[in-house]
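# Fold and contact review
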Amino acid sequence: MRVMHRLVGYDRQTDRMRHRFDIPDHLMPEAKKIAKVPADDPDAAWSYPLTEAKTRRIARLIGVPADPSDAEFYLEAFADPSHSSAGG
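Residues numbered from 1 in each chain as written. Predicted model: local features only at pLDDT ≥ 70, side-chain atom pairs only at ≥ 80, totals over all residues. Heavy atoms only, no water.

## Focus on the side chain of Lys54
Structurally, Lys54 is set in helix 2 (residues 52-62). No salt bridge is formed by the buried Lys54; its nearest oppositely charged neighbour, Glu72, is found at 11 Å. Those residues in contact with Lys54, other than ones at most four positions away along the chain, are Ile34, Ala35 and Lys36. (Helix = DSSP H or I, 4+ residues; strand = E, 2+ residues; numbered from the N terminus. Buried < 20%, exposed > 50% of the residue type's maximum accessible area, 1.4 Å probe, protein only. Lys, Arg positive; Asp, Glu negative; His and termini not counted. Salt bridge = Lys/Arg side-chain N within 4 Å of Asp/Glu carboxyl O. Contact = heavy atoms within 4.5 Å.)

This is the structure we're talking about:
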């Protein structure tokens, strides 16, 4: 299973996902620094809440229009559905 990461925004009233932006693998080292992912989570497997400043920095890094006043943002890991562990 391959893990991918996203900048995810949730509606503050409903907690429903409103925004989802993929973070390219080559930008993850910088995104992890911005989100302050601890050394004991080298794959950033957990969900990391982001301040408005951190949200803006990661959005700028990946080139997306994320507005932290519009939602609560997190750096999150997801299983990549296009990569399975089954042999072909």
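## Some points on the pairing of strand 4 (residues 72-79)
The pairing of strand 1 (residues 3-10) with strand 4 spans eight bridges and is antiparallel. By the bridge assignment, Leu7 is partnered in strand 4 with Leu75. Direction of pairing for strand 3 (residues 48-49) relative to strand 4: antiparallel, over a ladder of two bridges. Paired with Tyr48 across the two strands is Leu75, which belongs to strand 4. (Pairing = 2+ DSSP bridges.)

## Observations concerning the pattern of salt bridges
Any two side chains of opposite charge can pair, on the condition that their charged atoms come close. Scanning the model with the defined rule gives six salt bridges in all. With a shortest N-O distance of 2.6 Å, Asp25 and Arg2 are connected by a salt bridge. Residue Asp25 is found in the loop between strand 2 (17-23) and helix 1 (28-35), and its partner Arg2 is found in the segment before strand 1; the two are separated by 23 residues along the sequence. Residue class for Asp25 comes out partly exposed when judged on its relative accessible area of 44%. Take Arg2: its relative accessible area is 28%, and that puts it in the partly exposed class. As a salt-bridge pair, Arg18 and Asp70 come within 3.1 Å of each other at their nearest N and O atoms. Highlighted residues: Arg18 in strand 2 and Asp70 in the loop between helix 2 and strand 4, separated in sequence by 52 residues. Relative accessible area serves as the criterion here: at 28%, Asp70 is assigned to the partly exposed category. Residues joined by salt bridges that share partners form a network here, namely Asp11, Arg18 and Asp70.

It is worth stressing that arrangement in space is one thing and function is another; only the former is reported here.
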